[in-house]
Amino acid sequence: QVRLKESGGDSVQAGGSLRLSCAASAYINNNECMGWFRQAPGKEREGVAAISTGSGSTYYADSVKGRFTISQDIAKNTVYLQMNNLKPEDTAMYYCAASALIPCGGWWYSGPMYNYWGQGTQVTVSS
């Protein structure tokens, strides 16, 4: 059982930055896909970014490319999401997710492919 705990959410003004953290309770092996998802009120959950823990390959939604960066610290079992130039449309609950034993692929943005989920951290961007 892997427990994921997100932190770093806050309220910021447009143009600001935040760094979200996702701490995993168990060792992140070299064959997982760690993803960040978000869900705004009244909207469907969407994949934001993902990273393959083995290769370090990263994946991004078009809406965040060039503004968000996903990274990992294997020693700390932690995945980060650096969010720059935040926009009001980035406002959402952000969730960390892990797919055990499966590296990221073209499916990275598909929530059902992930086995474990955190409780979420709220990001609010005001204009």
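So, here is what we can say about the structure in this document. (Residues numbered from 1 in each chain as written. Predicted model: local features only at pLDDT ≥ 70, side-chain atom pairs only at ≥ 80, totals over all residues. Heavy atoms only, no water.)

A separate point is the sheet that holds strand β1 (residues 4-7). Strand order in the open sheet made by the four strands is β1-β3-β8-β7, with antiparallel pairing throughout. Here the strands that pair on one side only, and so sit at the sheet edges, are β1 and β7 (68-73). Put simply, the sheet's adjacent strands are angled 15° from each other on average, direction ignored. (Pairing = 2+ DSSP bridges. Helix = DSSP H or I, 4+ residues; strand = E, 2+ residues; numbered from the N terminus. Axes fitted to C-alpha atoms, helices over the stretch in contact; angles between N-to-C directions.)

Take the nonpolar core next. Counting residues in each nonpolar core, the largest one holds 37 residues, and the members touching the most others are L4, W36, L81, M83 and Y94. Where this core is concerned, the elements lending two or more residues are β3 (18-24), β4 (33-39), β5 (46-52), β7, β8 (78-83), β9 (92-99) and β11 (121-126). Counting residues per element, this core draws most heavily on β9, which supplies five residues. Each residue touching Y94, except ones within four places of it in the same chain, is listed here: E6, L20, W36, F37, R38, V48, F68, L81, M83, G120, T121 and V123. (Core = buried A, V, L, I, M, F, W, Y, C linked by side-chain atoms within 4.5 Å. Buried < 20%, exposed > 50% of the residue type's maximum accessible area, 1.4 Å probe, protein only. Contact = heavy atoms within 4.5 Å.)

Bringing the state of the cysteines into the picture now. Under the criterion given, the structure shown has two disulfides. Shown here is the disulfide that connects C22 with C96, its sulfur atoms set 2.0 Å apart. Here the disulfide of C22 and C96 is left-handed, its torsion about the S-S bond being about -75°. Of this pair, C22 sits in strand β3 while C96 sits in strand β9, placing them 74 residues apart in sequence. Both residues of the pair, C22 and C96, count as buried. (Disulfide = S-S within 2.5 Å.)

This model, assessed by the stated rule, comprises four salt bridges. Note that D90 and R38 form a salt bridge whose closest N and O atoms lie 2.9 Å from each other. Taken together, the residues D90 in the loop between β8 and β9 and R38 in strand β4 connect sequence positions 52 residues apart. Relative accessible area serves as the criterion here: at 0%, D90 is assigned to the buried category. Between K65 and D62 there is a salt bridge, with the nearest N and O atoms lying 3.2 Å from each other. Accessibility expressed as a relative area gives 64% for D62, which makes it exposed. Bridged by salt links that share partners, the residues R38, E46, R67 and D90 form one connected network. (Salt bridge = Lys/Arg side-chain N within 4 Å of Asp/Glu carboxyl O.)

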